[in-house]
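Each chain, letter by letter, is given below.
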Amino acid sequence: MDAEMVAKVRSFNRTVTQRVGALDDAYLSRGRPLGQARLLWEISDGPSELRRLRSRLDLDSGYLSRLVAGLQKEGLVAVETDPDDARVRTARLTPAGRAERAELDRLSDELAETMIQPLNVSQRERLVAAMAEVEQLLVASMVDVRVTDPRHPDAQLCMSSYYADLATRFDGGFDPTVTRPAEDDAITLLVARLHEEPVGCGALKVIPSEHCADVKRMWVSPTVRGLGLGRRLLTELETHARGLGVRTLRLETNHTLVEAIGLYRAAGFVEVEAFNDEPYAHHWFAKTLD
């Protein structure tokens, strides 16, 4: 990694933590650190599962417990055990907690205004646009992609979401029992997760006799589209294929998936004659690996 880039990232982090008041032990002068304030904001009016809060905020379970205990002591949060599953603990805001969150929202708005108020109009627009881009790139950097058993619940969720997506986009809908099968022991399935929630997938089905592999089940959740995740999944599938000695990557797609077609062409795939009888396909692509 480039040392100068690392140094600039660290400098940016120092500036941001100071400017937003993350160094104060009483964030926004409310008598609690930023971690507790952020947790209070994340807890919904209804029950919020503590394990989901931990995943969403990337917190250690012990640290989360201490933050919650502090909010309980202040009377801002009530913690309960799920009546249907004793292993699941939930937190909800008390009336005092809702009032405190409203005050935090007001003070946070004031803090945001102090960041942009000293700037002229052009500088404000540049800062806000830069912040939006930085946020998008930071979210992209938090996505984790790893090989997952196709039988894992996260993999199954991705598949069902993939099928549902195609059903709304394809002319005439989509029937998973009609399409060519991909889920078997020969596939390598990648699942992308953001805060431990599955947000994308892609599969590689190797055909040893032909020294090739088919890219299958490429799906990206609408919640993370625009982060370059589709390209990342495709690149990682290509890396796996190279490691398996694959010489050619192939894939087929429907004409309605114009974004996917653009992605494949940008990644070096070229359109070829049909190599299978996939009923939902209109375009077939291949890429020769070096």
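Relevant structure appears above.
Below you will find a few notes about this structure. (Residues numbered from 1 in each chain as written. Predicted model: local features only at pLDDT ≥ 70, side-chain atom pairs only at ≥ 80, totals over all residues. Heavy atoms only, no water.)

1. A short note on the packing of aromatic side chains
When we look at a pair of aromatic rings, we describe it by the centre distance and by the angle of the planes. Tallying each qualifying case throughout the model produces seven aromatic pairs. Taking the centre distance of 5.6 Å and the plane angle of 55 degrees together, the rings of Tyr 162 and Tyr 163 count as tilted. Like Tyr 163, Tyr 162 is buried. Ring plane angle 65 degrees and centroid distance 6.2 Å describe the contact between Tyr 264 and Phe 269, whose orientation is recorded as edge-to-face. Under the relative-accessibility criterion, Tyr 264 is labelled buried at 7%. Overall, Phe 269 belongs to the buried group, its relative accessible area being 3%. Site record: aromatic cluster; members linked through ring pairs are Tyr 162, Tyr 163, Phe 170, Phe 174 and Tyr 280. The lysine or arginine in question, Arg 250, covers the ring of Phe 275, its NZ or CZ lying 4.2 Å from the ring centre. (Phe/Tyr/Trp six-rings, centres within 6.5 Å; stacked < 30°, edge-to-face > 60°. Buried < 20%, exposed > 50% of the residue type's maximum accessible area, 1.4 Å probe, protein only. Lys NZ or Arg CZ within 6 Å of the ring centre and 35° of its normal.)

2. Some remarks on the pattern of salt bridges
One pass over the full model with this rule turns up 25 salt bridges. Among the ionic pairs, Arg 32 bridges to Glu 74, the shortest N-O distance being 2.7 Å. Within this pair, whereas Arg 32 is found in the loop between helix 1 (3–19) and helix 2 (34–42), its partner Glu 74 is found in the loop between helix 4 (61–73) and strand 2 (77–81), the two being separated by 42 residues in sequence. Judged by its relative accessible area of 3%, Arg 32 falls in the buried class. Close ionic contact of Asp 154 with Arg 193 constitutes a salt bridge, the shortest N to O distance being 2.8 Å. One end of the pair, Asp 154, is in helix 7 (residues 153–169); the other, Arg 193, is in strand 5 (residues 187–194), and 39 residues separate them in sequence. Members of the salt-bridge network, linked through shared partners, are Arg 30, Arg 32, Glu 74 and Glu 100. (Salt bridge = Lys/Arg side-chain N within 4 Å of Asp/Glu carboxyl O. Helix = DSSP H or I, 4+ residues; strand = E, 2+ residues; numbered from the N terminus.)

3. A word on the environment of Ile 116
By secondary structure assignment, the location of Ile 116 is in helix 5 (residues 95–116). Accessibility expressed as a relative area gives 29% for Ile 116, which makes it partly exposed. Sequence spacing of Ile 116 and Val 128 is 12 residues, and the spatial spacing of their C-alpha atoms is 8.5 Å. Setting aside chain neighbours within four positions, we find Ile 116 in contact with Arg 124 and Leu 127. (Contact = heavy atoms within 4.5 Å.)

4. Quick word on the sheet that holds strand 10 (residues 283–288)
Across a sheet, strands are paired by hydrogen bonds formed along the backbone, either parallel or antiparallel in direction. Taken in spatial order, the seven strands line up as 4-5-6-7-8-10-9 in an open sheet, and their pairing is mixed. The outermost strands of the open sheet, each flanked by one partner alone, are strand 4 (144–147) and strand 9 (270–272). When strand polarity is set aside, the average angle formed by the axes of neighbouring strands in this sheet is 30 degrees. Bridge count for strand 5 against strand 6 (residues 197–207) is eight bridges, and the pairing is antiparallel. Within the sheet, the bridge partner assigned to Leu 194 lies in strand 6 and is Glu 197. Packing against the sheet, helix 7 makes contact with strand 5, strand 6 and strand 7 (212–220), and its axis sits at approximately 80 degrees to strand 7. (Pairing = 2+ DSSP bridges. Axes fitted to C-alpha atoms, helices over the stretch in contact; angles between N-to-C directions.)

5. Here we look at the sheet that holds strand 3 (residues 89–93)
Spatial ordering of the open sheet is given by 1-3-2, a layout of three strands whose pairing is antiparallel. Across the chains shown, the open sheet's two edge strands, defined by having one partner strand only, are strand 1 (48–49) and strand 2. In the sheet, strand 1 pairs with strand 3 via two bridges, with the strands oriented antiparallel. Across the sheet, the residue bridging to Glu 49 is Thr 90, located in strand 3.

6. A short note on the pairing of strand 6
Most of strand 6 is tucked away: eight of the 11 residues are buried. Bridge count for strand 6 against strand 7 is seven bridges, and the pairing is antiparallel. Counterpart to Val 206 in the pairing with strand 7 is Ala 213. What sits between the antiparallel neighbours strand 6 and strand 7 is a turn of four residues, in which His 211 has the positive phi angle 55 degrees.

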